[in-house]
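Inside the fold
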Amino acid sequence: MPDELHLYVEFSQPDADTNPADWMSVDDFLAWRPKGALHERARDSLVSLICKALTGR
């Protein structure tokens, strides 16, 4: 088991090839001002997922 776990966010279309060089850390994703409505919804969904995981709801 690694000493440190890392979580990254990727922007891609469904069924698109992934490129780890394009991924960003969750810290950066949450810190950036949303670049549009889709980015804002993605950020809000991630925050909701994190809150649910922490509160068990």
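Just above, that's the structure.
Definitions and limits used
Residues numbered from 1 in each chain as written. Predicted model: local features only at pLDDT ≥ 70, side-chain atom pairs only at ≥ 80, totals over all residues. Heavy atoms only, no water. Patch = residues over 30% accessible without salt bridge, like charges linked within 9 Å, V, L, I, M, F, W, Y side chains within 5 Å. Areas by Shrake-Rupley, 256 points an atom, 1.4 Å probe, with all protein chains shown as cover. Salt bridge = Lys/Arg side-chain N within 4 Å of Asp/Glu carboxyl O. Helix = DSSP H or I, 4+ residues; strand = E, 2+ residues; numbered from the N terminus. Buried < 20%, exposed > 50% of the residue type's maximum accessible area, 1.4 Å probe, protein only. Expected span 1.5 Å × (residues − 1). Polar contact = N/O pair within 3.5 Å; in protein donor to acceptor, adjacent residues only side chain to side chain. Contact = heavy atoms within 4.5 Å. Core = buried A, V, L, I, M, F, W, Y, C linked by side-chain atoms within 4.5 Å.

Attention shifts here to a nonpolar patch on the surface. Residues Leu30, Val47, Ile50 and Leu54 make up a contiguous nonpolar surface patch of about 340 Å² in total accessible area. In terms of residue count, the dominant contributor to the nonpolar patch is helix H2 (residues 37–55) (three residues). If you trace the backbone, Leu54 turns up in helix H2. Leu54 sits in the exposed class, given a relative accessible area of 71%.

Turning to H2, a few remarks are in order. The terminal C-alpha atoms of H2, which comprises 19 residues, lie 27 Å apart, in line with the 27 Å expected from a rise of 1.5 Å per residue. Gly56 occupies a position one or two residues after H2 and carries a positive phi of about 75 degrees.

Here we take up unusual backbone geometry. The phi torsion at Asp15 lies on the positive side, around 65 degrees, for a residue other than glycine. In this structure, Asp15 sits in the loop between strand E1 (8–9) and strand E2 (24–25). A relative accessible area of 83% places Asp15 in the exposed class.

Within the secondary structure, His39 is located in helix H2. His39 gets classed as buried once you look at its relative accessible area, which sits at 8%. At 3.0 Å, the side chain of His39 forms a polar contact with the backbone nitrogen of Lys35. Setting aside anything within four residues of it in sequence, one finds His39 in contact with Phe11, Phe29, Trp32, Arg33 and Pro34.

This brings us to the nonpolar core. Within the largest apolar cluster, five residues are counted, these being Val9, Met24, Val26, Phe29 and Leu46. Beyond its immediate chain neighbours, meaning those up to four positions away, Met24 contacts Leu7, Tyr8, Val9, Phe11, Phe29 and Trp32.

The analysis is restricted to geometry; functional conclusions fall outside its scope.
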